[in-house]
Amino acid sequence: MGIFEASDRLGGQLNLASKSVTRKQVWGIADWLINEVVHLGVDVRLNSYVEAEDVFAEKPDAVIVATGGWPEMPDMKGKDLLTTSWEVLGGEARLTGEVLVFDEVVDHPAAVCAEQLATSGCSVTLVTPDRAVAHDLGPTNSSVVLKALAEQKLKLECFHELISVEPKGNRKVATLRHVLTDERTESVVDHVVIENGTRPMDDIYLALKEYSRNQGQLDHEAMIAGQNPFVEKNKSGQFNLARVGDAISSRNIHAAIYDALRACKDI
Ligand SMILES: Cc1cc2nc3c(=O)[nH]c(=O)nc-3n(C[C@H](O)[C@H](O)[C@H](O)COP(=O)(O)OP(=O)(O)OC[C@H]3O[C@@H](n4cnc5c(N)ncnc54)[C@H](O)[C@@H]3O)c2cc1C
């Protein structure tokens, strides 16, 4: 059994998720899984970006595509002026000054990013079209996260969506729309950061489908019943194929682990 990982470390998005002070313990999930992989003697190949030919060369019985996603960019005027939360948390964008963080998802990523920016000295305004920031966090997490954001003196702005960004000298003008009144306001800041969820990185899954025995399809009723979900649809197929986690759609750790548990039970 082998794991191929494009980057130089395992953990995927948990490397970003664990960047803020309040969420660093989420790395414990990756830490435990990585230790299990080592303990079980799995062949881990880092710095290995996999394409279809690499899969064929391995002659596998089963292929699980867990390639996650990539930041989804909104289609708006000035989208090239946006910085993604991943660029901030991954260290590619080192921001200073006044930063507007626009959160379309209202889950952990924008809160982690806003906290990280504030901790590093930025003056941060967290904007969401929802009626509450970090709305999708459960009560236990939200109380800890919101307290941390309040202590960092973040400004919070609900009911507003970002509709465009324009340059103004070396700064940016973010135009916001009140989602209830349609009123437009402008905010001049040094940077505009976007958290808009992820788009599945499913190229390899789509490329492998026609070569698989099950054509990439899982029997969901069998999966829910804890039975083998791979149904033969292509007699000349070379392997069973499944995809899990954010490679299906932008979700969370629970979904990724549960997908994998159900798809891989009989492998
Ligand atoms: C800042 C942030 C905070 C978050 N906080 C939480 C939280 O608190 N709770 C929660 O439940 N969820 C959280 N999430 C979401 C959660 O991290 C993701 O839903 C989860 O990591 C998805 O797991 P995955 O294995 O499907 O994909 P990923 O974690 O994206 O991992 C995919 C891996 O595949 C590798 N890869 C991609 N293509 C290839 C290829 N062709 N060949 C080889 N390797 C490849 C990538 O390098 C990556 O390491 C957060 C996300 C972010 C960004």
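Nothing here was measured: the structure is a model prediction, and the numbers come from that model. (Residues numbered from 1 in each chain as written. Predicted model: local features only at pLDDT ≥ 70, side-chain atom pairs only at ≥ 80, totals over all residues. Heavy atoms only, no water.)

Here we look at helix α5 (residues 108-119)
Helix length check: α5 (twelve residues) gives 16 Å between terminal C-alpha atoms against 16 Å at 1.5 Å per residue, within 8%. Counting buried residues along α5, nine of its twelve residues qualify, which places the element largely inside the surrounding structure. Among the residues of α5, those classed as buried are His108, Ala110, Ala111, Val112, Cys113, Ala114, Glu115, Leu117 and Ala118. The inward-facing, buried residues of α5 contact α1 (14-17), α4 (85-89), β6 (98-103), β7 (123-127), α6 (139-151) and β12 (191-195). Immediately downstream of α5, the backbone of Gly121 shows phi near 105°, a positive value. (Helix = DSSP H or I, 4+ residues; strand = E, 2+ residues; numbered from the N terminus. Expected span 1.5 Å × (residues − 1). Buried < 20%, exposed > 50% of the residue type's maximum accessible area, 1.4 Å probe, protein only. Contact = heavy atoms within 4.5 Å.)

Topic: the nonpolar core
With 25 residues, the main nonpolar core has Leu95, Val101, Leu117, Val124, Leu126 and Val193 as its most contacted residues. Contributing elements (two or more residues each) for this core: α4, β6, α5, β7 and α6. Tallying contributions element by element places α5 first for this core, with seven residues. Filtering out sequence-adjacent residues up to four positions away, Val101 remains in contact with Ala110, Ala114, Leu117, Val124, Thr125, Leu126, Val127 and Val193. Membership of the second largest hydrophobic core comes to twelve residues, among which are Met76, Leu100, Ala174 and Leu176. (Core = buried A, V, L, I, M, F, W, Y, C linked by side-chain atoms within 4.5 Å.)

Some details on the domain arrangement of the protein chain
Here the domain parsing of the protein chain yields domain 1 (2-70 + 199-263) and domain 2 (73-196). Each of domain 1 and domain 2 has a C-alpha centre, and these two points are 30 Å apart. Across the contact, ten residues belong to domain 1 and eleven residues belong to domain 2. Between domain 1 and domain 2, a total of about 990 Å² is buried, with carbon and sulfur atoms accounting for 67% of that surface. Among the residues domain 1 hides against domain 2, the three largest losses belong to Leu16, Thr22 and Arg23. Together they make up 53% of the total. On the surface where domain 1 and domain 2 come into contact, there are zero salt bridges. For the interface between domain 1 and domain 2, the tally reads five residue pairs in polar contact (both at pLDDT 80 or more). (Domains from an automatic or database assignment. Buried area = accessible area lost by both parts, 1.4 Å probe. Salt bridge = Lys/Arg side-chain N within 4 Å of Asp/Glu carboxyl O. Polar contact = N/O pair within 3.5 Å; in protein donor to acceptor, adjacent residues only side chain to side chain.)

Examining the site of the ligand
Near the ligand lie 28 residues; those nearest to it are Glu5, Gln13, Arg23, His108 and Asp246. Side-chain polar atom of Arg23 to an oxygen atom of the ligand: 2.7 Å apart, as the coordinates give it. In the environment of the ligand, an oxygen atom lies 3.4 Å from a nitrogen or oxygen atom belonging to the backbone of Ala66. Surface burial for the ligand is 87%, taken as the share of its 1000 Å² of free accessible area covered by protein chains. When residues of the shell around the ligand are traced back to their parent elements, those giving at least two are α1, α4, α5 and α9 (253-263). Considered class by class, the residues forming the shell around the ligand number 14 nonpolar, ten polar and four charged. (Near = heavy atom within 4 Å. Areas by Shrake-Rupley, 256 points an atom, 1.4 Å probe, with all protein chains shown as cover. Nonpolar A, V, L, I, M, F, W, Y, C, P; charged D, E, K, R; others polar.)

Quick word on the sheet that holds β7
In space, the five strands of this open sheet follow the order β5-β12-β6-β7-β8, with parallel pairing throughout. A single partner strand is all that each edge strand has here, and the edge strands are β5 (83-84) and β8 (155-157). Looking at chain direction, β6 and β12 are connected through five bridges and run parallel. Considered in β12, the bridge of Val99 is made with His191. (Pairing = 2+ DSSP bridges.)

Digging into the sheet that holds strand β10 (residues 171-178)
The sheet built from three strands is open, its strands ordered β9-β10-β11 with antiparallel pairing. With one partner strand each, in any of the chains shown, β9 (160-168) and β11 (184-189) form the two edges of the open sheet. On average, adjacent strands in this sheet sit at an angle of 25° to one another, irrespective of strand direction. As paired strands, β9 and β10 are joined by eight bridges and run antiparallel to one another. Bridge pairing links Val165 to Ala174 in β10. (Axes fitted to C-alpha atoms, helices over the stretch in contact; angles between N-to-C directions.)

Focus on empty space enclosed by the protein
One simple way to see leftover space: roll a probe sized like a water molecule over the atoms. Under the definition given, this model contains one cavity of 30 Å³ or more. Approximately 50 Å³ is the volume attributed to the largest cavity. Along the walls of the largest cavity sit Pro71, Glu72, Met73, Thr84, Ser85, Trp86, Ile194, Glu195, Asn196, Gly197 and Thr198, which together make up its complete lining. Of all the secondary-structure elements, those providing two or more residues to the lining of the largest cavity are α4 and β12. For the lining of the largest cavity, the residue count by class is four nonpolar, five polar and two charged. (1 Å grid on protein atoms, 1.4 Å probe; cavity = no way out; pocket = protein on both sides within 12 Å on 5 of 7 lines; lining within 4 Å. Points joined across faces, edges and corners; volume = space filled by probe spheres on them.)

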